[in-house]
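Chain by chain, the residues run as shown.
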Amino acid sequence: DQQVKQNSPSLSVQEGRISILNCDYTNSMFDYFLWYKKYPAEGPTFLISISSIKDKNEDGRFTVFLNKSAKHLSLHIVPSQPGDSAVYFCAGTGGNKLVFGAGTILRVKS
Amino acid sequence: DAGITQSPRHKVTETGTPVTLRCHQTENHRYMYWYRQDPGHGLRLIHYSYGVKDTDKGEVSDGYSVSRSKTEDFLLTLESATSSQTSVYFCAISPVGQSGEQYFGPGTRLTVT
């Protein structure tokens, strides 16, 4: 039972363009959603989060959108940079446990 | 960066042997977690701790046990390692009350031959 799904295993984007990473969830009890970024041979690092009562949260080049009716969230990176190339995980939480998606590999080409 | 270390960083062991992985934090956070990362599965929770000697199972706890005798240390033990436990293991910590945000260690790559 996958509560959080990232249906695109990989995404390739040109430097300077927008990257859009998508995530779907099934658990209506999640009250926060988070995005993590992971480089090879390192632990994941927190990127941005959004409360379930919001529909948008922005932090610099990163914006997360939440559509509760569709149980869908997306991460927008504008403009994309080569250093953004990494694996991106979305996660939902209803307390102190995170449920992660399988991840999307983002490649930003220069 | 949150002060989290994991040891060892790499380990190769044989099927049937016991293995213990250590997570150490200097942040005095209440919550500590063990995850495994496998291709196609993302990060899956093995066990977590919400205080000294207080632990609970996660999604994939079979074959694993944990112990937390001090706030700063959280141990993950594979009693009898199997090839299916070959994975990258991450420890994470979290302060109480935040919006689920967790801080991850650098990981331990475990290979069971």
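Higher on the page you've got the structure.
These notes cover the structure that comes with them. Predicted model only: the values in this text are computed from it and were never measured.

## Notes on the overall build of chain B
Each helix and strand counted, chain B has zero helices and eleven strands in total. At 13 Å, chain B has a C-alpha radius of gyration in line with the 13 Å of a compact globule built from 113 residues. The dimensions of chain B, computed from C-alpha atoms along their principal axes, are 40 × 30 × 25 Å. For chain B, the residues scored as buried account for 50% of the 113 residues in total. The long-range fraction of contacts in chain B, counting pairs at least 24 apart against all pairs at least 6 apart in sequence, stands at 55%. In the structure as shown, chain B presents an accessible area of about 5,200 Å², 46% of it carried by carbon and sulfur atoms. Charge-centre separation for chain B: the mean point of 11 positive side chains lies 3 Å from the mean point of 12 negative side chains.

## Remarks on the environment of K5 of chain A
All names here are of chain A. Here K5 is to be found in strand β1 (residues 4-5). Note on K5: relative accessible area 34%, which makes it partly exposed. Ignoring sequence-local partners within four residues, the contact set of K5 consists of N22, C23 and D24.

## Regarding the interface of chain B and chain A
Buried accessible area, meaning the area lost when the parts come together, often serves as the stated size of an interface. At the junction of the two partners, chain B supplies 21 residues and chain A supplies 19 residues. Here chain B and chain A share an interface that buries about 1,600 Å² over both sides, 58% of which is from carbon and sulfur atoms. Per-residue buried area on chain B facing chain A is highest for L43, S99 and F104 of chain B; these three make up 30% of the total on that side. Where chain B packs against chain A, one counts zero salt bridges. Between the two partners, chain B and chain A, sit four residue pairs in polar contact (both at pLDDT 80 or more). Split by residue class, the side of chain B that touches chain A holds ten nonpolar, nine polar and two charged.

## A word on unusual backbone geometry
Here the amide bond leading from V78 of chain A into P79 of chain A is cis, since omega sits at -10°, within 30 degrees of zero. By secondary structure assignment, the location of P79 of chain A is in the loop between β8 (72-77) and β9 (86-93). A cis amide bond links S7 of chain B to the next residue, P8 of chain B, at an omega of -10°. Note that P8 of chain B resides in the loop between β1 (4-7) and β2 (10-13). In the Ramachandran plot, A41 of chain A falls in the positive-phi region, its phi being about 65° despite a non-glycine side chain. For A41 of chain A, the location among the structural elements is in the loop between β4 (32-38) and β5 (45-51). Despite not being glycine, K53 of chain B has its phi angle at roughly 65°, a positive value.

## Focus: the pattern of salt bridges
Tallied over the full model, the rule gives seven salt bridges over all chains. In this structure, D38 of chain B engages R36 of chain B in a salt bridge whose closest nitrogen and oxygen atoms are separated by 2.7 Å. Take R36 of chain B: its relative accessible area is 8%, and that puts it in the buried class. Connected through shared salt-bridge partners, K37, R61 and D84 of chain A make up one network.

## Side note on the sheet that holds strand β3 (residues 19-25) of chain B
Residues and elements named next belong to chain B. Taken together, four strands build an open sheet; the order of strands is β1-β3-β8-β7 and the sheet is antiparallel. Among the strands making up the open sheet, the edge pair consists of β1 and β7 (64-70). Neighbour-to-neighbour, the strand axes of the sheet open up by a mean angle of 20°, direction not taken into account. As defined by bridge partners, β1 adjoins β3 across four bridges and the pair is classed as antiparallel. Bridging from a neighbouring strand, S7 pairs with R22 of β3.

## Quick notes on the sheet that holds strand β7 (residues 62-67) of chain A
Residues and elements named next belong to chain A. Judged by pairing direction, the sheet is antiparallel, and its five strands sit side by side in the order β1-β3-β8-β7-β6 without closing on themselves. Every other strand in the sheet has two partners, leaving β1 and β6 (56-59) as the edge strands with one partner each. Bridge count between β7 and β8: six bridges; the pairing is antiparallel. Residue pairing for β8: V64 is matched across the bridge by L75.

## Here's the deal with the nonpolar core
Counting 22 residues, the largest nonpolar core has W35, L73, L75 and Y88 of chain A as its most contacted members. Mapped by element, the contributors of at least two residues to this core are β3 (19-25), β4, β5, β7, β8, β9 and β11 (104-109) of chain A.

Criteria and thresholds
- Residues numbered from 1 in each chain as written.
- Chains lettered and ligands numbered in written order.
- Predicted model: local features only at pLDDT ≥ 70, side-chain atom pairs only at ≥ 80, totals over all residues.
- Heavy atoms only, no water.
- Helix = DSSP H or I, 4+ residues; strand = E, 2+ residues; numbered from the N terminus.
- Rg over C-alpha atoms; globule rule 2.2 N^0.38 Å.
- Buried < 20%, exposed > 50% of the residue type's maximum accessible area, 1.4 Å probe, protein only.
- Contact = heavy atoms within 4.5 Å.
- Areas by Shrake-Rupley, 256 points an atom, 1.4 Å probe, with all protein chains shown as cover.
- Lys, Arg positive; Asp, Glu negative; His and termini not counted.
- Charge placed at Lys NZ, Arg CZ, Asp CG, Glu CD.
- Buried area = accessible area lost by both parts, 1.4 Å probe.
- Salt bridge = Lys/Arg side-chain N within 4 Å of Asp/Glu carboxyl O.
- Polar contact = N/O pair within 3.5 Å; in protein donor to acceptor, adjacent residues only side chain to side chain.
- Nonpolar A, V, L, I, M, F, W, Y, C, P; charged D, E, K, R; others polar.
- Pairing = 2+ DSSP bridges.
- Axes fitted to C-alpha atoms, helices over the stretch in contact; angles between N-to-C directions.
- Core = buried A, V, L, I, M, F, W, Y, C linked by side-chain atoms within 4.5 Å.

Purely geometric stuff here, so don't read any function into it on its own.
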